[in-house]
Amino acid sequence: MSKKILLDKINIPGIKTYEVYRQNGGYASVEKAMKSMTPDEVVEQVKTSGLRGRGGAGFPAGLKWSFIDKKSGKPRHLVCNADESEPGTFKDRYLMEFIPHLLIEGMITSSFALGANLSYIYIRGEYMWVYKILERAIAEAKAAGWLGKNILGTGYDLELYVHCGAGAYICGEETALIESLEGKRGNPRIKPPFPAVSGLWANPTVVNNVETIASVPWIVNNSGDEYAKIGIGRSTGTKLISASGHVKNPGVYEIELGLSVYEFMNSDEYLGGMSSDRPLKALVPGGSSVPILPADLIYKTANGEDRLMSYESLSDGGFATGSMLGSGGFIVYNDTSCIVRNTWNFARFYHHESCGQCSPCREGTGWLEKVLWRIENGQGREEDIDLLWSIQSKIEGNTICPLGDAASWPVAAAIRHFRDEFEYHVRFPEKIKNRNHFVEEPFAQVKHLVTKQTV
């Protein structure tokens, strides 16, 4: 059994409530940090741990904290990014819904480390029932003296609020989130200045993901060195994975980074293998925005090494033969899945969620959706595949925020690894007009009808 840091107490009856959470060691990190550590010492422990941002980018959390401007004399803020909107990702919701006080404890300890006296949890609007759970947890924590004025008699003050978004994926980008929190339209800002210097209300601000902040109490209680012993290389600690698709045991899992993809996929402790006797066809390992991997690159890298659940191993080979750990949205496809339809579905999402601020993304995502729809519905042309490649290449790297990249990477990877499937759609429109075309006749059975080409 792998070590559990975040989910070890989640099945204790009543753990949602303050009383049960406190009885099981809750808020110990707040006591330790405020009574026996300085804020800088807490930051140093997080840096030592090697904890990386769990929202998708994987930037070292302690290093990010160290960038916050302490010289300006302005108020500082910690904002928790709970705007979990990446298709295939639902781990943060699980934490907030079933053990909300872990996040509240992490927010208090982290705010103390940063010298923040006013902090926020920004939650997606669709999580209204989770919002109410967090509101209750904050009220309980405040009634017990963990929030408000002069916490534990230390002279440290902190107010914590939950703010609901309005259903915009773009507000998962930290500067768009800040704009929304300020009451504006959620458009990403041009950087620099970075939020650590000029964030919420132009004050120094750190924005971190739910899972990242929820990991801080364990680090403070057990030390950064102990956390760094878990995992592999620069991928330290544990990671929550949201598993879905054609597997026997979908759900949220906490794994030690460095676990092999094969074991995670096939072990009874985790996903238990494919949900039927249909073979594995493809995998999206980190949420909809990361490149899709074909079956021959899932368990092994292009160099023949075991593919591991780590930042480095999943990206081994770059986008040519690798992908990203991302937010941990692990989506499994068997051979009845249509890659073209899946790619169109992702493109449709990104077109809908583009804020429209940058023309390559605003126009490009629309074209990706339209051309993919045309191919998937039997109206594709031979030149459409190269047109898709051209469009995505003109979006990537040409936008203020990463949404443009998130829209282009799935398209590029799908064409790179499954171009013959796109060609089949174009050449045999009558076959693919049947929505169940690969359910009734998996692509492996008709692949010989097209000549595979690579980009």
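Just so it is clear, the model here is predicted, and its values are computed rather than measured. (Residues numbered from 1 in each chain as written. Predicted model: local features only at pLDDT ≥ 70, side-chain atom pairs only at ≥ 80, totals over all residues. Heavy atoms only, no water.)

Student: Account for helix H16 (residues 382–395), naming residues and giving values.
Tutor: Among all positions in H16, only Asp384, Ile385, Leu388, Ile391, Gln392 and Ile395 are buried. Buried positions in H16, seen along its axis, are confined to an arc of 125° and lie on one side of it. Following H16 by one or two positions, Gly397 has its phi on the positive side, about 80°. (Buried < 20%, exposed > 50% of the residue type's maximum accessible area, 1.4 Å probe, protein only. Helix = DSSP H or I, 4+ residues; strand = E, 2+ residues; numbered from the N terminus. Arc of directions from axis to C-beta.)

Student: Which residues make up the side chain of Glu211, and what are the values?
Tutor: By the secondary structure assignment, Glu211 is in helix H9 (residues 210–222). There is a polar contact of 2.9 Å between the side chain of Glu211 and the side chain of Lys91. Polar contacts involving the side chain of Glu211 include one to the side chain of Lys239, which spans 3.1 Å. Leaving out residues up to four positions away in the same chain, Glu211 has contacts with Leu6, Arg54, Lys91, Asp92, Leu95, Thr238, Lys239 and Leu240. (Polar contact = N/O pair within 3.5 Å; in protein donor to acceptor, adjacent residues only side chain to side chain. Contact = heavy atoms within 4.5 Å.)

Student: So what about the domain arrangement of the chain? Which residues, and what values?
Tutor: According to the domain assignment, the chain contains domain 1 (18–229), domain 2 (232–334) and domain 3 (339–449). If you average the C-alpha positions of domain 1 and of domain 2, the two centres end up 28 Å apart. Counting residues at the interface gives 20 residues for domain 1, matched by 25 residues for domain 2. Summed over both sides, the interface of domain 1 with domain 2 buries roughly 1,600 Å², with 52% coming from carbon and sulfur. Together, Arg52, Arg54 and Phe90 form the three largest contributors to the area buried by domain 1 at its contact with domain 2, with a combined 32%. Inspection of the domain 1/domain 2 interface yields 2 salt bridges. For the side of domain 1 that touches domain 2, the element with the highest residue contribution is helix H5 (residues 91–98), accounting for 3 residues. (Domains from an automatic or database assignment. Buried area = accessible area lost by both parts, 1.4 Å probe. Salt bridge = Lys/Arg side-chain N within 4 Å of Asp/Glu carboxyl O.)

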